[in-house]
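# Structural overview for review
Chain by chain, the residues run as shown.
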Amino acid sequence: MATSAPHPSAEAQVGVYECTVTLKFRILEENGVIANRDHLLELLIDAYSYGSDEFVEQLESQVEVNEVSAMAASPLMRRQLIRLRNLPAA
């Protein structure tokens, strides 16, 4: 699930953010699929992204986003941040 944000425009400021997502929903699914913890998060987010239907019932969702210092990021993420900030204006 390594997707990146679109490249920033000339006016865009790039920063480091901590995001907390709380999702609570009910899902109808086979026991064997739910027991496979390796793919459980991907399955649940995928099901949730399709919206409520007869197999998924949304109960609660909450998103919290906070900007943090670049020093809080890993060295790899800091290097990527520098690259994004140094992109030439489009």
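The structure under discussion appears in the preceding block.
This one's a predicted model, so the numbers in the text were calculated from it and none came from an experiment.

Attention now moves to a nonpolar patch on the surface. Taken together, the side chains of Tyr17, Val21, Leu23, Leu41, Ile45, Val63 and Val65 define a hydrophobic patch exposed on the protein surface, amounting to about 640 Å² of accessible area. Contributing elements (two or more residues each) for the nonpolar patch: strand E1 (16–27), helix H2 (37–49) and strand E2 (56–68). Here the nonpolar patch gets 3 residues from one element, more than from any other, and that element is E1. Note on placement: Tyr17 falls in strand E1. On the basis of relative accessibility, which here comes to 44%, the residue Tyr17 falls in the partly exposed class.

We now examine the pattern of salt bridges. Where side chains of opposite charge bring their charged atoms close, a pairing between them can arise. Taken as a whole and judged by the stated rule, the model has 1 salt bridge. Residue Arg26 pairs with Glu57 through a salt bridge whose shortest N-O separation is 3.3 Å. Here Glu57 lies in strand E2 and Arg26 lies in strand E1, a separation of 31 residues in the sequence.

About the thresholds
Residues numbered from 1 in each chain as written. Predicted model: local features only at pLDDT ≥ 70, side-chain atom pairs only at ≥ 80, totals over all residues. Heavy atoms only, no water. Patch = residues over 30% accessible without salt bridge, like charges linked within 9 Å, V, L, I, M, F, W, Y side chains within 5 Å. Areas by Shrake-Rupley, 256 points an atom, 1.4 Å probe, with all protein chains shown as cover. Salt bridge = Lys/Arg side-chain N within 4 Å of Asp/Glu carboxyl O. Helix = DSSP H or I, 4+ residues; strand = E, 2+ residues; numbered from the N terminus. Buried < 20%, exposed > 50% of the residue type's maximum accessible area, 1.4 Å probe, protein only.

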